[in-house]
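# Survey of secondary and tertiary structure
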Amino acid sequence: MTLAEEISKRRTFAIISHPDAGKTTLTEKLLLYGGAIHLAGSIKSRKTQRHAVSDWMEIEKQRGISVTSSVLQFDYGGCRINILDTPGHQDFSEDTYRTLMAVDSAVMVLDAAKGVEAQTKKLFKVCRERRIPIFTFINKLDRYGKVPLDLLDEVEKVLGISAYPMNFPIGVDGKYLGVYDRQKNRVELFAEDTTHGQSERISEIFAPDDPDMIKKIGQANYDALQDDLTLLDEAGEDFDIDKINAGDLTPTFFGSAMTNFGVQNFLEEYLKLAPPPAPRLSDDGVIEPDDEKFSAFVFKIQANMNPAHRDRLAFIRICSGKFERNMQVWHAPSNKIIKLAQPQQFLAQERQIIDEAFPGDIVGLFDPGIFGIGDTIADAAHKFRFEEFPTFPPEKFARVQAKDTMKRKQFAKGIEQLTQEGAIQLFYPVGMGNESFVVGTVGTLQFEVLQYRLKSEYGVDVLLTMLPFEVARWLKFSTGEKVTPASLRGANRGMFLLDRQENPVLLVENEWALGWISENNPKLSMYSTPQEV
Ligand code: G4P
């Protein structure tokens, strides 16, 4: 197969959702269709063995959750599919955001009864900024849900993206019997599930005017469907692939992951519409995936996946050319030639040494401690750097100290290492020496991971004190004068810190406090990430 053929069959995406919308269940069902697992339920059977997969770190086992994103690869319909998992719940972290830098499209799962929820909004925003195509799966259609037209309206109003329903629920008052498929012009009704969603479920298919179908769903439901479809045709969005590719229109599917209803159809339509690996921007122009010269970037670093070996893995996303085991590549930040030994691919917990991979694929590399987030690796014959990764605004803050002051050195080393990995953002309280730091994260679980790793890898017990702040702002005076606690009016309304580059940062509790500071310091500009300053 040529490089171009390999690229054209790849689909690399992430599933984003608010916890409990059904991301895990949908992933599980997609794998089921891909033949990657034979019985759904082996990804995360939550009651008996919640940590069936990706229990790489001890903490994951203890908590029964997945701290890090895993990568799943399978084949379906001639496509090679890479699903990058984005953890939800309180294990929300910067990793979750960064994973979205490595995908070509995203699938947004919404709960039909809940609509657009908080975490969906945050993740959506990151996808939107990248202008990648976003597909929507409105889940849990097997039970009571909001009015479908209201759900579409909510997507448009809350997220600011137009929605094109690929299918449309049949039923009134939140009780659904199936869907009308707008692409295939046919009706699919829920069939009796005798396997409790454990295997593929066949739905009953009818022509849109089949009298048997009308009898089955009842005239009232049939009439309601006709009204909705007419409304959609007349007032709804037109299908427009350019808008989809630009991330301005989201093809929307209704279904039920648990009962498998609409999942296969979703997968097939998705594979038809979703883009193969896209070109990427670099400081040497656009890098096309079919460029013969290999290139990739690191989007995630995972330490201690195997406690027996204390290893670190750097996950790379291949952007161009062909990856081969033991190949020599140029590592941009160190300007050194390195050998890519022991490349690994994943089906959840099972690691597998791989010999070759192509654009769109994710490979885990053994990391002797040289890789950092966002690093470019490329063919030595064409040296360039991919665009820098954005930093995401931290929202949770804690003061961190070593319990035993004798361990100060190890403590500082550990903190430094974790900051470099991008697991935390580090700040220094002004005038406090190096005994204590303030650590910022995007999710609270990162503090537990921090505590655990400092103990297990550096032998340091830490004291964590959560701070009551939720907003960080980088500060600058338009006069060019440096912002200090003394020159900032109301500095004592928050906490004044310096970041690692000694830029002034203020933590405050809420937007109201920000408003006060802004009003009382007319020459002050505030930024939510250091990049914006
Ligand atoms: P998440 O990864 O987005 O957090 O969601 P997950 O798939 O874990 O699903 C959250 C809950 O919603 C689970 O129930 C799951 O079974 C249920 N669910 C997922 N898809 C559907 C669906 O199409 N219809 C219905 N009715 N429920 C669905 P749970 O009670 O938390 O776990 P479990 O005991 O069912 O495993």
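A few words on the pattern of salt bridges. Within the structure shown, the criterion is met by 23 salt bridges. Put simply, Glu129 and Lys125 hold a salt bridge, and the shortest N to O gap is 3.9 Å. Placement of both Glu129 and Lys125 in helix α5 (residues 118-130) is noted, with a separation of four residues, approximately one turn of the helix. Looking at Glu129, the relative accessible area reads 58%, which means it is exposed. With a relative accessible area of 52%, Lys125 lands in the exposed category. Measuring nitrogen to oxygen at the nearest pair gives 3.2 Å for the salt bridge that ties Glu356 to Lys322.

Looking now at the layout of surface pockets. Of the voids in this model, the second largest pocket is the one considered here, and its volume is about 820 Å³. In terms of lining, the second largest pocket is formed by 28 residues, of which the most central are Glu388, Thr391, Thr419, Arg500 and Gln531. Residue contributions to the lining of the second largest pocket peak at three residues, all from strand β25 (residues 425-429). Class assignment for the residues of the lining of the second largest pocket results in 11 nonpolar, 10 polar and seven charged. Each of domain 2 (280-378) and domain 3 (396-532) contributes no fewer than three residues to the lining of the second largest pocket.

Here strand β5 (residues 134-139) lies mainly inside the structure; six of its six residues are buried. Across the two faces of β5 the burial is the same, with Ile134, Thr136 and Ile138 and Phe135, Phe137 and Asn139 all buried. Taken together, strand β4 (residues 105-111), α5 and β5 constitute a β-α-β crossover, and its handedness is right-handed. Where β5 meets strand β11 (residues 249-254), three bridges bridge the pair, whose relative direction is parallel. By the bridge assignment, Thr136 is partnered in β11 with Thr252.

Located in the positive-phi region is Lys140, a residue other than glycine, with phi close to 70°. Mapped onto the elements of the fold, Lys140 is located in the loop between β5 and α6 (148-159). For Lys140, a relative accessible area of 17% puts it in the buried group. Positive phi, normally seen in glycine, also occurs at Asn335, with a value near 55°. For Asn335, the location among the structural elements is in the loop between β17 (328-331) and β18 (336-339).

Procedures and definitions
- Residues numbered from 1 in each chain as written.
- Predicted model: local features only at pLDDT ≥ 70, side-chain atom pairs only at ≥ 80, totals over all residues.
- Heavy atoms only, no water.
- Salt bridge = Lys/Arg side-chain N within 4 Å of Asp/Glu carboxyl O.
- Helix = DSSP H or I, 4+ residues; strand = E, 2+ residues; numbered from the N terminus.
- Buried < 20%, exposed > 50% of the residue type's maximum accessible area, 1.4 Å probe, protein only.
- 1 Å grid on protein atoms, 1.4 Å probe; cavity = no way out; pocket = protein on both sides within 12 Å on 5 of 7 lines; lining within 4 Å.
- Points joined across faces, edges and corners; volume = space filled by probe spheres on them.
- Nonpolar A, V, L, I, M, F, W, Y, C, P; charged D, E, K, R; others polar.
- Domains from an automatic or database assignment.
- Right-handed = clockwise from strand over helix to strand, strands pointing away.
- Pairing = 2+ DSSP bridges.

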